[in-house]
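# Residue-level structural notes
As a plain string of letters, each chain reads:
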Amino acid sequence: MTTLSEDRATAAAGRRPARLRPARRGSADRPRRSVLLTVLTGLVLLYSVVPLVWLLINATKTQDDLFDSFGLWFADFSLWNNVRDTLTYDDGVFVRWLLNTLLYVVVGAGGATFLAVLGGYALARFSFPGKRAVFAVVIGAVAVPGTALAVPTFLMFSQMGLTNTPWAVIIPSLISPFGLYLMWNSAAEAIPEEMLEAARMDGAGEFRTFFQVSLPLLAPGMVTVLLFTMVATWNNYFLPLIMLRDPDWYPLTLGLNAWNSQASTAGGEAIFNLVITGSLLTILPLIVAFLFLQRYWQSGLAAGSVKA
Amino acid sequence: MSISKRAALLRATGLAAVLALGLTACGGDSGSGGSADAGSASDVESALEEGGELTVWAWEPTLEDVVTGFEAEHPNVDVDLVNAGTGNDQYTALQNAIKAGSGVPDVAQVEYYALPQFALSESFADLTSLGADSLDGTFTPGPWSSVQSGDGIYGLPMDSGPMALFYNKAVFDAHGIAVPTTWDEYIEAARALHAADPNLYIANDTGDAGFTTSMIWQAGGQPFQVDGTDVTVDLADEGSTTFAQAWNTLISEGLLAPVSSWSDEWYQGLGNDTIASLAIGAWMPANLESGVAAGAGKWAVAPLPQWKAGESASSENGGSALAVPEASEQKALAYAFLEYANVGDGVQTRIDGGAFPATTADLESQEFLDKEFPYFGGQQVNQVLAESAANVVEGWSYLPYQVYANSVFNDTAGQAYTGATDLPSGLADWQAAIVEYGDEQGFSVTG
């Protein structure tokens with residue numbers, strides 16, 4: 001992502017041009033707002049924010065306060081204790097899970113995005129026999145939920161001796177049919193055929209055309225794909241559940257569940273406060289990633305509208 | 001955790017179970033040899049001297065100290081203690097590993113109800129020749145019979161869960177209600193408590209297979225009879241019916257809190273005086289101390305209420321054994337660890353950590369019996385619990401596919417708790433599901 005610069009992104013053509021910005025301007029011109037719409041948006045906002053607020057508030061509570069105090073307000077503030085306990089519990093296994101998750105996201109989601117860009121570009125800009133068949137397969141693959149493939153994948157991987165290794169999580173994450181479809185669309189809309197012709201006329205090879213001309217134009221679409229493959233990999237639960245047995249390779253999702261189920265076993269130690277604080281720590285990197293990458297995303301959209 | 005995820009998990013467990021049974025049906029082509037070559041008692045000694053690395057799958061928290069002690073005593077042995085999941089999660093992983101033929105641990109923790117499934121498919125090694133045959137009388141009868149299947153001994157009991165009535169004494173006293181000694185009195189107490197305060201329930205229950213089987217066990221029922229692959233199921237025998245009718249009264253009168261055991265609401269209810277008692281295994285003190293700190297000084301332990309006044313029948317609820325998977329290549333060394341943890345010095349380590357042992361010597365030791373529990377207001381609760389361990393009704397057995405059976409309990413018998421049917425017919429539905437599945441799996445099931 002470091003090759004992206006604001007300038008290049010600004011030059012890019014967005015996938016969804018024109019409509020967003022003018023619509024916003026228009027509403028500023030009209031002082032009367034729809035009360036109904038405001039209330040509805042407010043409700044949706046509340047609906048999506050309340051769980052976050054709950055998590056934030058309850059991460060500051062001790063286990064006893066979790067049960068005794070009102071759920072949507074603070075009790076004794078022990079967030080720092082909780083964070084410290086979360087990071088050090090069981091010899092700091094949480095940190096290990098965090099690093100595992102990062103590995104799966106960087107290699108898995110990063111790889112998925114890269115492959116989607118390559119494939120999407122090729123499908124959009126080259127014609128070759130069987131393209132329609134590829135299209136049908138991709139669309140079909142979008143419709144198959146990953147969960148349905150997890151068990152067959154497990155059986156296959158166990159024969160290849162890949163289960164219980166990080167590869168078992170990374171390799172299936174590398175494939176994102178929906179990402180490919182998005183990049184395909186994005187490449188078809190964002191890269192003007194004339195530009196490629198110009199590049200070819202100037203003697204650029206296919207590789208140079210791709211990396212120096214097309215890739216910058218694809219930045220907004222790429223960020224979109226990167227964002228949602230990242231979220232998918234970060235939140236991946238079922239696949240690692242089936243593939244991994246060694247807690248040393250768990251991602252955060254499995255680790256938190258293991259902590260949570262400790263409470264439901266004879267002699268197990270209930271650590272609800274650590275589960276909640278751990279959940280908060282787990283979503284923080286995603287929020288940061290969204291805020292950071294949104295900049296590129298939005299500038300891409302805006303650039304599109306200017307061009308239009 | 002969403003229902004669909006849990007359902008998916010259960011399906012995965014079921015699938016794994018099918019695979020494991022399928023493996024047995026194929027015969028001895030699993031490559032790891034037959035079950036006869038587990039080794040002898042002298043092999044255990046030499047294995048300890050030679051040393052090596054052991055992988056242990058267990059979720060029991062006190063085992064960490066046991067491993068430390070074991071490694072200190074046998075510096076040549078390196079034990080890798082792995083928490084591969086709790087209960088069903090771990091069984092799924094274990095079945096998958098056994099099926100895949102790689103990554104199988106040398107020692108695995110398995111609850112008593114799940115052990116027959118692994119024993120029958122010979123996924124676990126028979127420990128008889130390694131020295132388990134000399135352990136008759138070492139363990140209390142309930143757990144000891146639970147680790148045996150046919151002529152084999154497929155694990156050593158790690159802990160036990162003789163049932164008792166844990167009750168919130170403060171709540172019972174506040175309402176002037178005596179501790180029930182029979183289930184009839186218990187129902188009366190349930191009515192009185194709920195009438196005095198509509199938020200107060202004598203217990204919670206939304207359908208719990210483990211609890212139900214333990215209660216039937218205490219009532220003298222023997223719904224599951226197993227002889228090799230011949231299985232007889234009768235969830236309408238006298239004991240089962242006694243329990244089902246009494247419990248149906250509690251359900252139909254709305255006297256049970258609609259809270260699932262082990263949920264966070266459950267822990268909350270136990271702490272805020274809205275769930276007043278638990279009929280549960282003897283391992284509960286450690287859970288109360290860590291999960292229900294607010295109940296300290298309020299709770300006490302009484303013998304399990306009886307079906308006939310004056311009796312002292314009891315049953316086991318939960319508890320687990322350590323077993324050695326057949327695929328382990330270090331069975332002798334693994335057995336040495338089992339012996340240390342479940343018969344040797346490890347037992348005291350675990351008692352100190354709050355576990356409830358299965359060894360008669362420890363259950364009868366004065367130090368154990370006299371221990372005062374500050375959480376229970378200084379009560380010597382081990383006296384009640386050890387008494388219960390000695391009075392466990394004999395003759396109980398679980399199904400060779402109890403993990404699956406328990407997983408469909410809520411779809412069948414559990415319907416009684418939502419008012420869709422009554423408990424006796426719910427149990428009949430459960431029986432039908434058990435028979436159908438068993439037949440599909442190649443058992444010959446009567447019922």
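What you see is a predicted model; the values in this text were computed from it and never measured. (Residues numbered from 1 in each chain as written. Chains lettered and ligands numbered in written order. Predicted model: local features only at pLDDT ≥ 70, side-chain atom pairs only at ≥ 80, totals over all residues.)

### What to know about the overall build of chain B
Put simply, the test is: Numbering of helices and strands runs from the N terminus, with a helix taken as a DSSP run of H or I at least four residues long and a strand as a DSSP run of E at least two residues long. Only C-alpha atoms enter the radius of gyration; for comparison, a globular chain is expected to reach 2.2 Å times N to the power 0.38, where N is the number of residues. Exposed residues have 12 or fewer other C-beta atoms within 10 Å of their own C-beta, buried residues have 20 or more, and residues in between are partly exposed; the C-beta atoms are placed from the backbone. What counts as a contact here is a pair of residues whose C-beta atoms, placed from the backbone, lie within 7 Å.
A tally of helices and strands in chain B yields 19 helices and 15 strands. Relative to the globule expectation of 22 Å for 447 residues, the C-alpha radius of gyration of chain B, 22 Å, shows essentially globular dimensions. Viewed in the frame of its principal axes, chain B has a C-alpha envelope of about 65 × 50 × 40 Å. Here chain B holds 447 residues, and the buried ones make up 54% of them. Contacts spanning at least 24 positions in sequence make up 78% of the contacts within chain B whose residues lie at least 6 apart.

### Thoughts on the overall build of chain A
Per the secondary structure count, chain A includes 14 helices and zero strands. Each helix and strand of chain A, placed in order from N terminus to C terminus, yields the pattern α-α-α-α-α-α-α-α-α-α-α-α-α-α. For chain A, the proportion of its 308 residues judged to be buried stands at 35%. Of the contacts made within chain A by residues no fewer than 6 positions apart, 77% connect residues no fewer than 24 positions apart.

### Observations regarding the nonpolar core
Residue and element names in this part refer to chain B. Keep this limit in mind: Think of a nonpolar core as buried Ala, Val, Leu, Ile, Met, Phe, Trp, Tyr and Cys residues, each tied to the set through C-beta atoms within 7 Å. Domain limits in this description derive from either an automatic procedure or a database domain assignment.
Counting 195 residues, the largest nonpolar core has Leu115, Ala323 and Phe337 as its most contacted members. Counting contributing residues, this core receives three or more from each of domain 1 (3-160 + 319-362) and domain 2 (164-315 + 395-446). Residues contacting leucine 115, with those up to four places away along its chain left out, are Val110, Ser146, Val147, Tyr154, Gly155, Ala321 and Ala323.

### So, the interface of chain A and chain B
Put simply, the test is: Charged residues are taken to be Asp, Glu, Lys and Arg, nonpolar residues to be Ala, Val, Leu, Ile, Met, Phe, Trp, Tyr, Cys and Pro, and polar residues to be all remaining types, Gly included.
Each partner contributes residues to the interface: chain A has 26 residues there, and chain B has 37 residues. At the level of secondary structure, the elements contributing two or more residues to the side of chain A that touches chain B comprise helix 4 (63-68), helix 7 (146-159), helix 12 (238-243) and helix 13 (252-262) of chain A. A breakdown of the residues in the side of chain A that touches chain B according to their chemical character gives 10 nonpolar, 11 polar and five charged.

### Things to note about the environment of serine 314 of chain B
All names here are of chain B. Its location among the elements puts serine 314 in the loop between strand 13 (299-303) and strand 14 (320-323). Taking the C-beta count within 10 Å as the criterion, serine 314 has 25 such neighbours and is therefore assigned buried. In the structure, serine 314 is positioned 71 residues away from phenylalanine 243 in sequence and 13 Å away in space, judged by C-alpha atoms. Setting aside residues up to four positions removed in sequence, serine 314 forms contacts with Pro162, Met163, Gln218, Leu304, Ser388, Asn391, Val392 and Val393.

### Structural notes on the pairing of strand 1 (residues 52-57) of chain B
Residue and element names in this part refer to chain B. Just so we agree on the cut-off: A pair of strands is considered paired only if DSSP assigns at least 2 bridges between the two. Whether a crossover is right-handed comes down to one check: with the strands pointing away from the viewer, does the path from the first strand over the helix to the second run clockwise; if it does, it is right-handed.
Sheet analysis places strand 1 next to strand 2 (residues 77-82), joined by six bridges and oriented parallel. Bridge assignment links leucine 54 to a residue of strand 2, and that residue is valine 79. Following the backbone out of strand 1, through helix 3 (residues 63-73) and into the adjacent parallel strand 2, one traces a crossover that is right-handed. Bridge count for strand 1 against strand 3 (residues 107-111) is two bridges, and the pairing is parallel. Note on strand 3: the bridge partner recorded for tryptophan 57 is alanine 108.

### Observations concerning the packing of helix 9 (residues 177-190) of chain A against helix 11 (residues 206-234) of chain A
Residue and element names in this part refer to chain A. To be explicit about the condition: In this description, a line fitted to the C-alpha atoms serves as the axis of each element, helices being fitted only across the stretch in contact, and the angle between N-to-C directions of two axes falls anywhere from 0 to 180 degrees. Geometric relationships in this document are graded by angle, where less than 35 degrees denotes roughly parallel, more than 145 denotes roughly antiparallel, 65 to 115 denotes roughly perpendicular, and other angles denote oblique. Definitions for this section: a left-handed crossing has its near helix turned counterclockwise from the far helix by less than a right angle. A right-handed crossing has that turn clockwise.
For the pair helix 9 and helix 11, interaxial distance at closest approach is 9 Å and the crossing angle is 165 degrees. Accordingly, the angle class assigned to the pair helix 9 and helix 11 is roughly antiparallel. The chirality of how helix 9 crosses helix 11 is right-handed. The residues of helix 11 that touch helix 9, namely those facing Gly179, Leu182, Met183, Ser186, Ala187 and Ala190, are Leu217, Leu218, Gly221, Thr224, Val225 and Thr229. Counted by class, the contact of helix 9 with helix 11 contains seven nonpolar, five polar and no charged residues.

### Things to note about unusual backbone geometry
One non-glycine residue with positive phi stands out, namely asparagine 164 of chain A, at about 65 degrees. Counting through the fold element by element, asparagine 164 of chain A comes out in the loop between helix 7 and helix 8 (167-173). In this structure, tryptophan 262 of chain B takes a positive phi of about 75 degrees despite not being glycine. Along the polypeptide, tryptophan 262 of chain B turns up in the loop between strand 11 (256-257) and helix 11 (264-271).

### Thoughts on the pairing of strand 7 (residues 164-168) of chain B
Residue and element names in this part refer to chain B. In terms of burial, strand 7 is a largely internal element, five of the five residues being buried. Side chains Ala164, Phe166 and Asn168 of strand 7 all project onto a buried face; the interleaved residues Leu165 and Tyr167 project onto the opposite face, where all are buried too. Examined bridge by bridge, strand 7 and strand 12 (residues 277-280) share four bridges and lie antiparallel to one another. In the strand pairing of strand 12, tyrosine 167 is matched with serine 277. Pairing of strand 7 with strand 13 involves five bridges; the strand directions are antiparallel. Bridged to phenylalanine 166 within strand 13 is valine 301.

### With respect to the confidence of the model for chain B
Put simply, the rule is: One confidence number per residue, pLDDT, is output by the predictor and ranges from 0 to 100.
The predicted model of chain B averages 89 in pLDDT, with 91% of residues at 70 or higher. Interface confidence for the predicted complex, expressed as ipTM, amounts to 0.71; the pTM equals 0.79.

### Quick notes on the sheet that holds strand 9 (residues 224-227) of chain B
Residues and elements named next belong to chain B. Read across the open sheet, the three strands follow the order 9-10-15; overall the sheet is mixed. The open sheet has two free edges, formed respectively by strand 9 and strand 15 (444-446), since each of these has just one partner strand. The mean inter-strand angle of the sheet, taken between neighbouring strand axes irrespective of direction, is 15 degrees. Alignment of strand 9 against strand 10 (residues 230-233), held across four bridges, turns out to be antiparallel. Counterpart to valine 226 in the pairing with strand 10 is valine 231. Together, strand 10 and strand 15 form the strand contacts of helix 19 (residues 423-440), whose direction differs from that of strand 10 by roughly 170 degrees.

### A closer look at helix 17 (residues 381-390) of chain B
Counting buried positions along helix 17 of chain B yields seven of 10 residues, so the element is predominantly enclosed. For helix 17 of chain B, the full list of buried residues reads Val381, Asn382, Val384, Leu385, Ala386, Ser388 and Ala389 of chain B.

### Thoughts on the domain arrangement of chain B
Residue and element names in this part refer to chain B. Each assigned domain of chain B is listed here: domain 1 (3-160 + 319-362) and domain 2 (164-315 + 395-446). Secondary-structure elements contributing two or more residues to the side of domain 1 that touches domain 2 are helix 1 (3-25), helix 4 (88-100) and helix 5 (115-120). The biggest single contributor to the side of domain 1 that touches domain 2 is helix 1, with seven residues. Looking at the side of domain 1 that touches domain 2 residue by residue, the classes come out as 12 nonpolar, seven polar and one charged.

### Here we look at the sheet that holds strand 12 of chain B
All names here are of chain B. Strand order in this open sheet of three strands is 12-7-13, and the pairing throughout is antiparallel. Strands at the two margins of the open sheet, each flanked by one partner only, are strand 12 and strand 13. The average angle at which neighbouring strand axes cross in this sheet is 25 degrees, direction not considered. Against the sheet, helix 17 makes contact with strand 7 and strand 13, and its axis sits at roughly 30 degrees relative to strand 13, the strand it touches most.

### Side note on the environment of aspartate 230 of chain B
All names here are of chain B. Tracing the backbone through its elements, the reader meets aspartate 230 in strand 10. The exposure class assigned to aspartate 230 is exposed, which follows from the 11 C-beta atoms found within 10 Å. As for aspartate 230 and glycine 438, which are separated by 208 residues in sequence, their C-alpha atoms are 9.7 Å apart.

### Re the environment of valine 179 of chain B
Residues and elements named next belong to chain B. Tracing the backbone shows valine 179 in the loop between helix 7 (169-174) and helix 8 (183-196). Residue classification places valine 179 among the partly exposed positions, given that 18 C-beta atoms sit within 10 Å. For the pair valine 179 and histidine 74, spaced 105 residues apart in sequence, the C-alpha to C-alpha distance is 49 Å.

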